[in-house]
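Fold and contact review
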Amino acid sequence: MAQQGSRSVKFHCSVCLDLLKEPVTIPCGHNYCMSCIKGHWDKEEPKGAYSCPQCKRSFISRPELEKNTMLAALVEDLKTSPEDVSCDVCTGKKLKAVKSCLVCLVSYCDQHLQPHYESSAFDKHKLIKPSKRWKSNICSTHNEVRKMFCHTDQQCICYVCCMDKHKRHVTVPVEVERAEKDKDLKMNLQEVQKKIQTRVEEGKVLEKEMEGIKLSADKTIEDSDAIINELVSFIKEKGSNLKQQIKSQQKDEERRVKELQNKLEQEITELKRKEEELKQLSDTEGHTEFLLTYSMMSKLSEYTDSPSFKMCPFKYFEDLQTALLEAREKLKAFLSEEWSYLTLTVRSVDVLLPQIEPKTRDDFLKHSCQLTMDPDTVHRNLFLSNQNRTVSDNISNPNIYPAYKKRDRFSIQQQVLSRESLIGPCYWEVEMKGRGLSVAVTYKNKNNLDQTEFGSNNSSWALECYGDYYKFKHNKITTSISGPLSSKVGVYVDPRGGILSFYSVSDTMALLHRVQTTFTEPLYAGLWIWKSFWTDTTATFNEIK
């Protein structure tokens, strides 16, 4: 029987999944119902290409279809398989049964069934579709047809059973029970059909979503190319302008040098003339003539008023080169940060499909994000290290952050925000050392930072960790939490789904607290460090790989 089922699968159409009807073979060798492959190609015809639904091989022109007579004969032979019920009356070669009689307990072919239609003696006989399972209608104990249903035991029984083991049980004829079950069946059928219709409509919505995703992605790629080209053109334009400025400055400096060169050449000419006069005077033999001539000569200082020049290292535009290198590094750092934000934004696209909340650590790690702390928000008593992934209340190493940007810096509570906003489902872990720490999720006010403690307003949610107990705090309401203690806390947030969960992380993950709410603004991670005068407390955004 298993072989028969396996064999029949080979003769099923992969489009309608039923036995082949008018089977045809296309050029790639695969077989289909003629109507199924025609319908498939009719949909492809506007695109001008025809393909096989199974192997995807394409054909330049639409293949001609002809019925595969040999395959059709095999399918017909399969229809009269050993699965069919044979007539119990036939002698010799048994024909296929078309009905079974629950009174005669016999299956009949068309020929031997005729008396049931022609004689009134068979009027009360119950004919059913032939099945090898029809004998299950016979009570194995009394060899009688099961015509009663026992409500007490929820099973079909015969009349003798009603007087025997099922005596005093609630029993009804199977026809009555069938009528009741039919009502339930119709309700279930209607419910299933309704669900099918709902799923079909949802399928149409998903098809539209697929089309929308493609159009949106194509448009975004086109826009991103245009924006990147615009940025490149902007940088090239600024580079060209800078190049022109350098050339202009070069010409100005060369002109100044040329002017000084001309002046020097004039002075050299004048000094050489003076030199000649002095040589002639030195050759004068008469003392009186020498003295008279010398007194009429102008003094040398009148001709030596040009500045003195010293050789210096060639460092003309080096400061500009240094500034360019610094600008390059700043731009690369800025673009890297922005690209990380863009990457997270891409990950946040979920087409409004139902978001399944992670269950295992591997599920959470699929949403892991690397967070860093924002130096512009950190309280001056806190110290950042480890590429801004670690913050500490370091009593031996006071902070040196400047006091400017006060409106962006926590000035009362020892707190710090993440540089990155939490876009899409995010998971991160905080490693703690010391005593007294809050791990929070919060909004970031556009104007001034809220200087209150995390959890003391309606715009932040905080898990307070004190080494030997936990508390959850929101909108000034504090809730004590029981759970396994650990130096590592995992945080999962789905801004769109309004889910925030805190976990104790060790070899396993244990849920400490879960919040279901509606987030209305961009979220940031936050850390609060307990102010201590005798021990250091540190917290690190772990790098999850």
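Our subject is the structure that appears above.
Figured I'd write up the structure that's included with this text. Model, not experiment: these values are computed from the prediction. (Residues numbered from 1 in each chain as written. Predicted model: local features only at pLDDT ≥ 70, side-chain atom pairs only at ≥ 80, totals over all residues. Heavy atoms only, no water.)

**Quick look at the pattern of salt bridges**
In plain terms, the rule: Salt bridges, as used here, are contacts in which a Lys or Arg side-chain nitrogen is within 4 Å of a carboxyl oxygen on Asp or Glu. Burial status follows relative accessibility: with a 1.4 Å probe on protein chains alone, a residue under 20% of its type maximum counts as buried, one over 50% as exposed, and anything between as partly exposed. Runs of H or I in DSSP of at least four residues are treated as helices and runs of E of at least two as strands, each being numbered from the N terminus.
Applying the stated criterion across every chain yields a total of 22 salt bridges. Between Glu 329 and Arg 328 there is a salt bridge, with the nearest N and O atoms lying 3.0 Å from each other. The partly exposed category is assigned to Glu 329, whose relative accessible area is 39%. Classification of Arg 328 by relative accessible area gives partly exposed; the value is 45%. For the salt bridge of Lys 444 with Asp 374, the shortest nitrogen-to-oxygen distance reads 3.9 Å. Highlighted residues: Lys 444 in the loop between strand E15 (437–443) and strand E16 (460–465) and Asp 374 in the loop between helix H9 (361–365) and strand E11 (383–385), separated in sequence by 70 residues. On the basis of relative accessible area, Lys 444 is assigned to the partly exposed category, the value being 30%. The class for Asp 374 is buried, based on a relative accessible area of 9%. Each member of the salt-bridge network shares a partner with another, and the members are Glu 270, Arg 273 and Glu 277.

**Digging into the environment of Val 378**
Mapped onto the secondary structure, Val 378 falls in the loop between H9 and E11. Sequence separation of Val 378 and Val 416 is 38 residues, and the distance between their C-alpha atoms is 4.4 Å.

**Things to note about the nonpolar core**
Selection rule: Buried Ala, Val, Leu, Ile, Met, Phe, Trp, Tyr and Cys residues that are joined via side-chain atoms within 4.5 Å together make up what is termed a nonpolar core. Whether two residues touch is decided by their heavy atoms; if any such pair falls within 4.5 Å, the residues are in contact.
One finds Val 391, Trp 428, Val 430, Leu 500 and Leu 527 to be the most contacted residues of the largest nonpolar core, which totals 37 residues. When sequence neighbours within four positions are dropped, the list of residues in contact with Val 391 reads Met 373, Leu 382, Phe 383, Leu 384, Val 416, Leu 527, Ile 529, Thr 537, Thr 538 and Ala 539. Within the second largest apolar cluster, 17 residues are counted, among which are Phe 11, Cys 13, Phe 59 and Leu 65.

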